[in-house]
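Geometric and topological summary
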Amino acid sequence: MASHDRSRSEEQDDPLDRMISRTGCAQLHYALQECMAEQQDWRLCQSHVQAFKDCMSSFQKSRQQLIKQSESARHSDPAEQVSSRVET
């Protein structure tokens, strides 16, 4: 089985790797890449594809929930509501 031999500086230079690393799905991504390199056919790597897809979906759902919570907290903040009122 081939290993993923990216140097740290190479990984830091690649925007895609940086983005995937932030999701927590990097190891699954690397495993998928290795499988595709070994098999030369992505269809033979469906378990890896599904695992990476599930991880990314989970990350996206968590991110959306955080955004909704942040927006909800911002709209329910009494201090912000008072400061946004315009008294005439």
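The structure we're discussing is the one just above.
Basis of the calculations
- Residues numbered from 1 in each chain as written.
- Predicted model: local features only at pLDDT ≥ 70, side-chain atom pairs only at ≥ 80, totals over all residues.
- Heavy atoms only, no water.
- Helix = DSSP H or I, 4+ residues; strand = E, 2+ residues; numbered from the N terminus.
- Expected span 1.5 Å × (residues − 1).
- Buried < 20%, exposed > 50% of the residue type's maximum accessible area, 1.4 Å probe, protein only.
- Polar contact = N/O pair within 3.5 Å; in protein donor to acceptor, adjacent residues only side chain to side chain.
- Contact = heavy atoms within 4.5 Å.
- Salt bridge = Lys/Arg side-chain N within 4 Å of Asp/Glu carboxyl O.
- Axes fitted to C-alpha atoms, helices over the stretch in contact; angles between N-to-C directions.
- Parallel < 35°, antiparallel > 145°, perpendicular 65-115°, else oblique.
- Nonpolar A, V, L, I, M, F, W, Y, C, P; charged D, E, K, R; others polar.

**Section: helix α3 (residues 26-39)**
A rise of 1.5 Å per residue sets the reference length of α3, with its 14 residues, at 20 Å; its end C-alpha atoms lie 20 Å apart and thus fit the reference within 8%. Among the residues making up α3, those that are buried are Ala26, His29, Tyr30, Leu32, Glu34 and Cys35. In the segment just after α3, Gln40 is the residue with positive phi, at about 60°.

**Things to note about the side chain of Thr23**
The topology assignment puts Thr23 in helix α2 (residues 15-23). Residue classification places Thr23 among the buried positions, given a relative accessible area of 12%. A distance of 2.5 Å separates the side chain of Thr23 from the backbone oxygen of Ile20, its partner in a polar contact. Here the side chain of Thr23 touches Cys25 through a polar contact of 3.1 Å, landing on its backbone nitrogen. Here Thr23 is in contact with Met56 and Phe59, once residues within four sequence places are set aside.

**Here's the deal with the pattern of salt bridges**
Using the criterion set out here, one finds 1 salt bridge in the structure. A salt bridge links Arg43 to Asp41; the shortest N-O distance between them is 2.9 Å.

**So, the packing of α2 against α3**
The interhelical angle for the contact between α2 and α3, taken along N-to-C directions, is 130°, at an axis separation of 7 Å. Between α2 and α3, the interaxial angle falls into the category oblique. Within the contact between the two elements, α2 uses Asp17, Ile20 and Ser21 and α3 uses Ala26, His29 and Tyr30. Residue composition of the contact of α2 with α3, by class: 3 nonpolar, 2 polar and 1 charged.

In short, geometric facts, not functional conclusions.
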